[in-house]
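# Secondary and tertiary structure notes
Spelled out from the first residue to the last, the chains are:
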Amino acid sequence: VLAISLGVLLGAAITTLVHVSLLWTISGDGMTRMMPALVIVFSGMVIPLPLFPEFLQPLLEALPFRFLADVPYRIYSGDLAGAEVLPLAAQALAWTVALVAVGRYALQRGHRRVVVQGG
């Protein structure tokens, strides 16, 4: 339950950050099309992350996407248990706090630049 809850919070933080980034783009098509593809591949929804090549493992462990699907699935299946879960939960929480902080900062900066056109 903890891993899934942290995954939901992290997913909301990533989604909000993507939407806040649209304040700086003329067209949001690129970001809104690119992020779902990145999330699906790097979260382990298509291929489980342990099956990726060894040279990609450090990158996959550094990105926050694994906490959206791979880590909760591996905890549920029993592949991760006990002492391995708490450090992963702390990492997921740290990523969530960091992305929320970046999103709040970007939103504050974006509000200064917003110009509403029309009526």
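Predicted model only: the values in this text are computed from it and were never measured.

Further remarks concern the overall build of the protein chain. If you tally the helices and strands in the protein chain, you get five helices and zero strands. Scanning the protein chain from its N terminus toward the C terminus, one meets helices and strands in the order α-α-α-α-α. Overall, the C-alpha framework of the protein chain stretches about 55 × 25 × 25 Å when taken along its three principal axes. Each of the 119 residues in the protein chain was classed as buried or not, and the buried ones make up 30%. When contacts within the protein chain are restricted to residue pairs at least 6 apart in sequence, long-range pairs at least 24 apart make up 62% of them.

Looking now at the nonpolar core. Formed by 15 residues in total, the largest nonpolar core has its most connected members in Ile14, Met35 and Phe67. Counting only elements with at least two residues in this core, the list comes to α1 (2–21), α2 (29–42) and α5 (85–113). Broken down by element, the residue count for this core peaks at five residues, all from α1.

Time to look at the side chain of Asp70. Position of Asp70 among the secondary structure elements: in helix α4 (residues 70–77). When its relative accessible area of 5% is taken as the criterion, Asp70 is described as buried. Setting aside residues no more than four positions away along its own chain, Asp70 makes contact with Ser43, Leu49 and Pro50.

As a further point, take the pattern of salt bridges. In the structure shown here, the tally under the stated rule is two salt bridges. Close ionic contact of Asp70 with Arg74 constitutes a salt bridge, the shortest N to O distance being 3.4 Å. Within this pair, Asp70 and its partner Arg74 are both found in helix α4, separated by four residues, close to a single helical turn. A salt bridge links Asp79 to Arg74, with the shortest nitrogen-to-oxygen separation between them at 2.8 Å.

What follows is about the confidence of the model for the protein chain. Low-confidence regions, as indicated by low pLDDT, have predicted coordinates that should not be scrutinised in detail. On average, residues of the protein chain carry a pLDDT of 90, and 98% of them reach 70 or more. Taken element by element, the protein chain is modelled with least confidence in α2, mean pLDDT 90, and with most confidence in helix α3 (residues 57–62), mean pLDDT 94.

Calculation notes
- Throughout, a residue's number is its position along its own chain's written sequence, starting from 1.
- For a predicted model such as this one, the threshold for reporting local features is a pLDDT of at least 70, and the threshold for listing and counting side-chain atom pairs is 80 or more; totals across whole chains, interfaces and linings nevertheless cover every residue.
- No hydrogens and no water enter the side-chain calculation; it runs on all heavy atoms of the structure.
- Strands here are runs of E lasting at least two residues and helices are runs of H or I lasting at least four, both read from the DSSP assignment and numbered beginning at the N terminus.
- For every residue, the accessible area (1.4 Å probe, protein chains only) is compared with the maximum for its type, and the residue is labelled buried under 20%, exposed over 50%, or partly exposed between those bounds.
- Between two residues, a contact is recorded if the distance between any of their heavy atoms is within 4.5 Å.
- Residues grouped as a nonpolar core are buried Ala, Val, Leu, Ile, Met, Phe, Trp, Tyr and Cys residues, joined through side-chain atoms within 4.5 Å.
- Basic side-chain nitrogens of Lys or Arg form a salt bridge, by our definition, when they fall within 4 Å of a carboxyl oxygen of Asp or Glu.
- You can read pLDDT as the predictor saying how much it trusts each residue, on a scale of 0 to 100.

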